[in-house]
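Chain by chain, the residues:
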Amino acid sequence: QELRQGLFAQQVLKRTEHSPLKPSLWRSVAGELPGAGAEIVAIGRGWWRAAGDRWMEVVAILAITLVIFFGLRHLLRRLLSARLSRASDGPRPRFFERAAVAGWVAPAIAIPAAGASVFLYVALDSSELLYLQTGRFARLLLEAVLIVVVGGALARAILQPERGAWRLVNLSDHSARRLYLLT
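A brief structural summary. (Residues numbered from 1 in each chain as written. Predicted model: local features only at pLDDT ≥ 70, side-chain atom pairs only at ≥ 80, totals over all residues. Heavy atoms only, no water.)

1. Brief notes about the side chain of Arg167
On the secondary structure map, Arg167 appears in the loop between helix H5 (132-159) and helix H6 (173-182). With relative accessibility at 2%, the residue Arg167 sits in the buried group. There is a polar contact of 2.6 Å between the side chain of Arg167 and the backbone oxygen of Leu159. Residues contacting Arg167, with those up to four places away along its chain left out, are Arg92, Arg98, Ile158, Leu159, Gln160, Pro161, Ser172, Asp173 and Ala176. (Helix = DSSP H or I, 4+ residues; strand = E, 2+ residues; numbered from the N terminus. Buried < 20%, exposed > 50% of the residue type's maximum accessible area, 1.4 Å probe, protein only. Polar contact = N/O pair within 3.5 Å; in protein donor to acceptor, adjacent residues only side chain to side chain. Contact = heavy atoms within 4.5 Å.)

2. Digging into the pattern of salt bridges
Evaluated as defined, the whole model comprises 3 salt bridges. Between Arg54 and Glu57 there is a salt bridge, with the nearest N and O atoms lying 3.1 Å from each other. For Arg54, a relative accessible area of 29% puts it in the partly exposed group. On the basis of relative accessible area, Glu57 is assigned to the partly exposed category, the value being 29%. One salt bridge connects Arg156 with Glu162, and the closest N-O pair in it is separated by 2.7 Å. Glu162 gets classed as partly exposed once you look at its relative accessible area, which sits at 45%. (Salt bridge = Lys/Arg side-chain N within 4 Å of Asp/Glu carboxyl O.)

3. Describing a nonpolar patch on the surface
Among the surface-exposed residues, Ile40, Phe137, Leu141 and Val145 lie close enough to one another that they form a single nonpolar patch of about 320 Å² accessible area. With 3 residues, H5 is the largest single contributor of residues to the nonpolar patch. Note on placement: Ile40 falls in helix H2 (residues 23-51). (Patch = residues over 30% accessible without salt bridge, like charges linked within 9 Å, V, L, I, M, F, W, Y side chains within 5 Å. Areas by Shrake-Rupley, 256 points an atom, 1.4 Å probe, with all protein chains shown as cover.)

4. Concerning the packing of H5 against H6
Interaxial distance between H5 and H6 falls to 10 Å at its minimum, and their mutual angle equals 175°. Between H5 and H6, the angle falls in the class roughly antiparallel. Note on element contacts: H6 touches H5 through Ala176, Leu179 and Tyr180, opposite Gly152, Ala155, Arg156 and Leu159. The class makeup of the residues in the contact of H5 with H6 is 5 nonpolar, 1 polar and 1 charged. (Axes fitted to C-alpha atoms, helices over the stretch in contact; angles between N-to-C directions. Parallel < 35°, antiparallel > 145°, perpendicular 65-115°, else oblique. Nonpolar A, V, L, I, M, F, W, Y, C, P; charged D, E, K, R; others polar.)

5. Quick word on the packing of helix H4 (residues 95-126) against H5
Contact geometry for H4 and H5: axes closest at 8 Å, N-to-C directions at 160°. When the axes of H4 and H5 are compared, the pair comes out roughly antiparallel. Our pair here, H4 against H5, has a crossing hand that is right-handed. Listed contacts from H5 to Ala102, Val105, Ala106, Ile109, Ala110, Ala113, Ala114, Ser117, Val118 and Tyr121 of H4 are Gly135, Ala138, Arg139, Leu142, Val145, Leu146, Val149, Ala153, Leu154, Arg156 and Ala157. (Left-handed = near helix turned anticlockwise from the far one by under 90°.)

6. Quick look at the nonpolar core
Soluble globular proteins tend to bury their nonpolar side chains together. Leu76, Leu80, Leu84, Val101, Ala102, Val105, Ala106, Ala108, Ala157, Ala165, Trp166 and Leu168 together form the largest nonpolar core, which totals 12 residues. Elements with a contribution of two residues or more to this core: helix H3 (55-87) and H4. A total of 5 residues in this core trace back to one element, the largest contributor, which is H4. Each residue touching Leu84, except ones within four places of it in the same chain, is listed here: Val101, Trp104, Val105, Gln160, Arg163 and Trp166. Counting residues in hydrophobic clusters, the runner-up holds 11 residues, among them Trp47, Val58, Leu124 and Leu142. (Core = buried A, V, L, I, M, F, W, Y, C linked by side-chain atoms within 4.5 Å.)

7. Observations regarding unusual backbone geometry
Located in the positive-phi region is Glu128, a residue other than glycine, with phi close to 60°. Assignment of secondary structure puts Glu128 in the loop between H4 and H5. The exposure class assigned to Glu128 is exposed, which follows from its relative accessible area of 66%.

8. Looking at the environment of Trp47
With respect to the secondary-structure elements, Trp47 resides in helix H2. Among the residues examined, Trp47 registers a relative accessible area of 17% and is labelled buried. Here the alpha-carbon distance between Trp47 and Thr134, two residues 87 residues apart in the chain, equals 7.0 Å. In this structure, Trp47 is in contact with Val58, Leu124, Leu129, Leu130, Tyr131 and Thr134, ignoring residues within four places of it in sequence. A polar contact is formed between the side chain of Trp47 and the backbone oxygen of Leu129, at a distance of 2.5 Å.

Remember, this is a structural readout, not a statement about activity or role.
Structure, rendered in structure tokens:
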């Protein structure tokens, strides 16, 4: 057992050629950025030329996406303010109550942006406006957006920058706002 643990620790701590802490890796990434940027611009221009004939469809998809985002955001903000403002007037909720609230607040915060992003991707894909490189790029972009949205929603639900009574960690309002902005 100790031998296995020792081998595991040795493999975990082993320096690799592509360690994210090595400056050489970041120099090579910086060297690749101009070429990658040019490829992204070329893909975007190609997509724009192909979608130019269907600009009304693209505008309609974007308009519906914005309606979904702002409509859901408005409804969920009203729900959150009604549910959390009422309860924050009395004594501070216990930790488990705050944790339970964070459990439903995080998805509620994420739903507008995640729903609008998924709708945009599905609408463009089903309209056959995503093809070859643009389809792969859009899929990667959707995944990145969802990761950022979910991470931000979790941070907001845990830190509650504007509702100190519901905050899961013991921080001042200023510290919670600042930490949330950093995430």
